[in-house]
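The residues making up each chain are set out below.
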Amino acid sequence: MSKPQVLVAVKTFSDVVDRLRPHFDVETHDTDQPLSQEELIRRLQGKAGVYISGSNKIDAALLAACPDLRAICTMAVGYNNIDVPACTARSVLVSNAPDVLTETTADFGFALMMATARRITESEQFLRRGEWKHWSVTLFAGADIHGATLGVLGMGRIGAAIARRGHLGFGMPVLYHNRSRLPAAQEAPLGAQWVEKDELLRRADHLVIVVPYSPSSHHMVAERELALMKPTATLTNIARGGVVDDAALARALQAGQLAAAGLDVFEGEPQVHPALLACSNVVLTPHIASATVATRRAMSHLAVDNLIAALTGGTPPTALNPEVLKS
Ligand code: GLV
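Rules behind the numbers
Residues numbered from 1 in each chain as written. Predicted model: local features only at pLDDT ≥ 70, side-chain atom pairs only at ≥ 80, totals over all residues. Heavy atoms only, no water. Pairing = 2+ DSSP bridges. Helix = DSSP H or I, 4+ residues; strand = E, 2+ residues; numbered from the N terminus. Axes fitted to C-alpha atoms, helices over the stretch in contact; angles between N-to-C directions. Phe/Tyr/Trp six-rings, centres within 6.5 Å; stacked < 30°, edge-to-face > 60°. Buried < 20%, exposed > 50% of the residue type's maximum accessible area, 1.4 Å probe, protein only. Lys NZ or Arg CZ within 6 Å of the ring centre and 35° of its normal.

Enquirer: Even after reading the chapter, I still don't get the sheet that holds strand 11 (residues 260-263), so can you show me in this structure?
Expert: Across a sheet, strands are paired by hydrogen bonds formed along the backbone, either parallel or antiparallel in direction. Across the sheet, which stays open at both edges, the 7 strands sit in the order 8-7-6-9-10-11-12 with parallel pairing between neighbours. A single partner strand is all that each edge strand has here, and the edge strands are strand 8 (192-194) and strand 12 (282-284). Here the strands of the sheet are splayed against their neighbours by 20° on average, with no regard to which way each runs. Where strand 6 (residues 150-153) meets strand 7 (residues 174-177), 4 bridges bridge the pair, whose relative direction is parallel.

Next up, the structure:
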């Protein structure tokens, strides 16, 4: 009997992809340029499963055009690029890759916040341009991290890991806002206090945004919210482009409504709003918060574990709609 066919639509570690070969006929995509939607649909004909990343879009039109598809496994934790209800309606299993990237992503969020507050890239560019002529008392004087108030918008696994770093490592009072408040037993080890969103914006010295993207979090931080922030505050976004209104952020930075921003994600990435590129007080990175070799390997392994289990009668470890396997 021929093996089911799967597509690995992301260029990833070949030894991890090789784990699929005993179970499936495996087709791969061998460049980092994401497949166009048309090409993805074409290559999914006859495929029972697909390994994707956050750069691939799975919507109702794709599902309708790919009737053999039974499993969609993303190596990302975020899945705003996948229409999960549409998948469930067609009994297509969807999995994501939570947990394995939590600590790595929190490390990066913290690093980006620190680079932003301490003006690390701005000062490096100044030095590289040969503009450093003498030491000065106020040269690139930024804001302290230790003892400053950390604001976490979105207290999921990554938000909690950032709060823990701030609380235990840097003695930061931690405020957070989340749709649902954590039980007191989970707040206590993080030293975290729930507040309304506006209060978080008003009181945070360093705001880190870690909320998943959905229609309800679109432009959750826009002109009105930015106007509430302290002029000395920083904003770091490691969540998704679209949670912050980038154009409004650039205007607020230019107007001195906040001191600086650290951004790993952008609306319409890989395009970056030109007004942000023109701001010197912004640290910009190309969506790399989970990018360590160990963690990207772990994410890839987890997507493969899910794909194998979903199509061989097993239990996918991190399914988002496990109910489809019961029907
Ligand atoms: C990265 O942004 C992810 O969702 O894993």
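That shown, we press on.
Enquirer: Explain the packing of aromatic side chains to me, please; I cannot follow it from the model alone.
Expert: The geometry of an aromatic ring pair comes down to the distance between the two centres and the angle between the two planes. Inspection of the entire model under this criterion finds 2 aromatic pairs. Both rings, one in F110 and one in F170, keep their centres 4.9 Å apart while their planes meet at 35°; by these two values the pair is tilted. Taken as a pair, F110 in helix 5 (residues 102-117) and F170 in helix 7 (residues 157-170) lie far apart in primary sequence, 60 residues in all. What makes F170 partly exposed here is its relative accessible area of 29%. On the numbers, 5.0 Å between centres and 70° between planes, the contact of F126 with F140 is edge-to-face. Of this pair, F126 sits in helix 6 (residues 120-128) while F140 sits in the loop between helix 6 and strand 6; the two residues are 14 residues apart in sequence, bridging distant segments of the chain. Positioned over the ring face of F13 is R297, at 5.2 Å from the centre of the ring.

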